[in-house]
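Report on the structure
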Amino acid sequence: MQVVIVNSEQQVAKYGAQFCAQFINQKINATLGLATGSTPLSLYQELINKSSEGSLSFAAVTSFNLDEYIGITEDHPQSYRFFMNQKLFNHIDINKNNTYIPIGMGDPHASAHEYENRLKELGGIDLQILGIGSNGHIGFNEPSSSLASRTRVKTLTAQTIADNSRFFSADEFQPSLAITMGIATIMEAKQVLLLATGESKATAVRDFIEGPLSASCPASALQMHPNTIVIVDEKAAKLLEHKAYYQQVKFETEQLENSLF
Ligand code: GLP
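Residues numbered from 1 in each chain as written. Predicted model: local features only at pLDDT ≥ 70, side-chain atom pairs only at ≥ 80, totals over all residues. Heavy atoms only, no water.

On to the pattern of salt bridges, then. Side-chain pairing between opposite charges can occur once the charged atoms of the two side chains come close. All chains considered together, the criterion is met by ten salt bridges. Where E188 meets R150, a salt bridge forms, and the shortest distance between an N and an O atom there is 3.0 Å. Separated by 38 residues along the polypeptide, E188 in the loop between α6 (183–187) and β9 (191–196) and R150 in the loop between β6 (127–130) and β7 (152–155) bring together distant segments of the chain. Here E188 falls in the exposed class, since its relative accessible area comes to 53%. A relative accessible area of 28% means that R150 is categorised as partly exposed. For the salt bridge of K243 with E234, the shortest nitrogen-to-oxygen distance reads 3.2 Å. Taking relative accessible area as the criterion, K243 reaches 24% and is therefore assigned partly exposed. Under the relative-accessibility criterion, E234 is labelled partly exposed at 28%. Salt bridges sharing common partners tie together K27, D126 and K190. (Salt bridge = Lys/Arg side-chain N within 4 Å of Asp/Glu carboxyl O. Helix = DSSP H or I, 4+ residues; strand = E, 2+ residues; numbered from the N terminus. Buried < 20%, exposed > 50% of the residue type's maximum accessible area, 1.4 Å probe, protein only.)

The next subject is the pairing of strand β8 (residues 177–180). Of the pairings in the sheet, the one linking strand β4 (residues 67–69) to β8 comprises three bridges and is antiparallel in character. Counterpart to D67 in the pairing with β8 is T180. Pairing of β7 with β8 involves four bridges; the strand directions are antiparallel. Considered in β8, the bridge of V153 is made with I179. (Pairing = 2+ DSSP bridges.)

What follows deals with the sheet that holds strand β1 (residues 2–6). Reading across the sheet, the seven strands line up as β1-β10-β9-β6-β2-β3-β5 and stay open at both edges, with parallel pairing between neighbours. Edge positions in the open sheet fall to β1 and β5 (99–100), since each of these has one partner strand only. Sheet topology places β1 next to strand β10 (residues 228–233); five bridges connect them, and they run parallel. What sits directly across from Q2, in β10, is I229.

In this section: the packing of aromatic side chains. Taken as a whole and judged by the stated rule, the model has seven aromatic pairs. An angle of 40 degrees between the planes, with centres 5.6 Å apart, marks the rings of Y69 and F140 as tilted. With Y69 in strand β4 and F140 in the loop between β6 and β7, this residue pair connects regions lying 71 residues apart in the sequence. In this pair, the class of Y69 matches that of F140, namely buried. (Phe/Tyr/Trp six-rings, centres within 6.5 Å; stacked < 30°, edge-to-face > 60°.)

What follows is about helix α4 (residues 108–121). Its 14 residues give α4 an end-to-end C-alpha distance of 20 Å, which sits within 8% of 20 Å, the value for a rise of 1.5 Å per residue. Considered for burial, the residues of α4 that qualify are P108, S111, A112, Y115, E116 and L119. An end-on view of α4 places all buried positions within 135 degrees of arc, on one side of the element. Summarising the geometry of α4, the exposed residues directed more than 90 degrees from the buried face are H109, H113, E114, K120 and E121. (Expected span 1.5 Å × (residues − 1). Arc of directions from axis to C-beta.)

With that settled, consider the sheet that holds β8. Spatial ordering of the open sheet is given by β4-β8-β7, a layout of three strands whose pairing is antiparallel. Unpaired on one side and paired on the other, β4 and β7 mark the two borders of the sheet. Strand-to-strand twist in this sheet, taken as the mean axis angle between neighbours without regard to direction, amounts to 30 degrees. (Axes fitted to C-alpha atoms, helices over the stretch in contact; angles between N-to-C directions.)

What follows is the structure, encoded as structure tokens:
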């Protein structure tokens, strides 16, 4: 796991966007795994900017989102389909027929099964973008999720419901169930890019990078992933014990890349 610590939330987005753009430019038909939530918003804006400037195209890209709420329709403003259209897809040249998000209406178990199969049929994910929940979840794989899990229905924890309640008005139905890619599904991505910003993520960031590999902190499964880059701002990195070492690795890596050898 490579841990990159930068000064601000804006720099997390810039560094992340640079990484994504380079990845897509090298594999123009890449399959991306996409995340929702507040964290990737600035990253998506950076990608939109690159696309408008003409330095990046999503025309040949396919995407699979991590998760979707159960019980709200695609056109509901809090559905993840609505979010992705508004925050990214409507502003780039991606073919929406190639953007997949689990369907949260109808039979959710069948929907989850079909989603997993579709992803398999299309060859899996090349680059998976992740945020992290304050309880260490990735996608909606809540603590105690099986590390061998595939796409399925999950019950959201009280903490996740509380964390996400800011998006729903008080009298509005807020889902407590979701369809999410499983941890094993995520682990099959060839490359993972996890972003975390702000003090509210500091404990989860410490636990998943430096704590034990445990279903109690689902993101810790990434300790077993061979190609994971974590980009965090200073606030989210606050509790890391080996911060100086991660900075040293970044420095040495850049030196090596710039050297003539
Ligand atoms: C949500 C999503 C996750 C996301 C996380 C953090 O519930 N299912 O994919 O990473 O919570 O969200 P935020 O970036 O808003 O803190």
